[in-house]
Amino acid sequence: MKIKLFVYLLILTITNVNLSIADDCNKFDKLSKEYAKCAAELIKEKTSEKYKEGKKKLNKLNLKEKLIKFKNSKTHKEFTEK
């Protein structure tokens, strides 16, 4: 039973390591178009992830409602009271 469990955990860890390895562009020559394409795809993926995170943070701030509240207030005191 222990051997089966050990083999199962070993197989599980090996497959997870293979799936978690990032795409490495160093296997291509740096002056080739394949390297440029690979690097561009990696940059695009990372940028889109950061954009989504930033958009979520910005939406949490509710700036649109605060701006409308500020425009509708006549004085600073009125703005802080609402």
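Further up the page is the structure itself.
Residues numbered from 1 in each chain as written. Predicted model: local features only at pLDDT ≥ 70, side-chain atom pairs only at ≥ 80, totals over all residues. Heavy atoms only, no water.

This part takes up the state of the cysteines. Cysteine pairs can be linked by a disulfide, which is a covalent bond between their two sulfur atoms. Scanning all chains against the criterion turns up 1 disulfide. Each sulfur of the disulfide joining cysteine 25 and cysteine 38 lies 2.0 Å from the other. Taking the sign of the S-S torsion, about -80 degrees here, the bridge from cysteine 25 to cysteine 38 comes out left-handed. Residue cysteine 25 is found in the loop between helix 1 (2-20) and helix 2 (33-60), and its partner cysteine 38 is found in helix 2; the two are separated by 13 residues along the sequence. When its relative accessible area of 7% is taken as the criterion, cysteine 25 is described as buried. (Disulfide = S-S within 2.5 Å. Helix = DSSP H or I, 4+ residues; strand = E, 2+ residues; numbered from the N terminus. Buried < 20%, exposed > 50% of the residue type's maximum accessible area, 1.4 Å probe, protein only.)

Turning our attention to unusual backbone geometry. Positive phi is not limited to glycine here, since asparagine 62 has a value of about 55 degrees. Along the chain, the position of asparagine 62 falls in the loop between helix 2 and helix 3 (63-72).

On to a positive patch on the surface, then. Together, Lys52, Lys56, Lys57 and Lys60 give the surface a local cluster of positive charge. Considering the arrangement of structural elements, one finds lysine 60 in helix 2. (Patch = residues over 30% accessible without salt bridge, like charges linked within 9 Å, V, L, I, M, F, W, Y side chains within 5 Å. Areas by Shrake-Rupley, 256 points an atom, 1.4 Å probe, with all protein chains shown as cover. Salt bridge = Lys/Arg side-chain N within 4 Å of Asp/Glu carboxyl O. Lys, Arg positive; Asp, Glu negative; His and termini not counted. Charge placed at Lys NZ, Arg CZ, Asp CG, Glu CD.)

Right, let's get into the side chain of serine 32. Tracing the chain through its elements places serine 32 in the loop between helix 1 and helix 2. Within the local environment of serine 32, its side chain forms a polar contact with the backbone nitrogen of tyrosine 35, the two atoms lying 3.4 Å apart. (Polar contact = N/O pair within 3.5 Å; in protein donor to acceptor, adjacent residues only side chain to side chain.)

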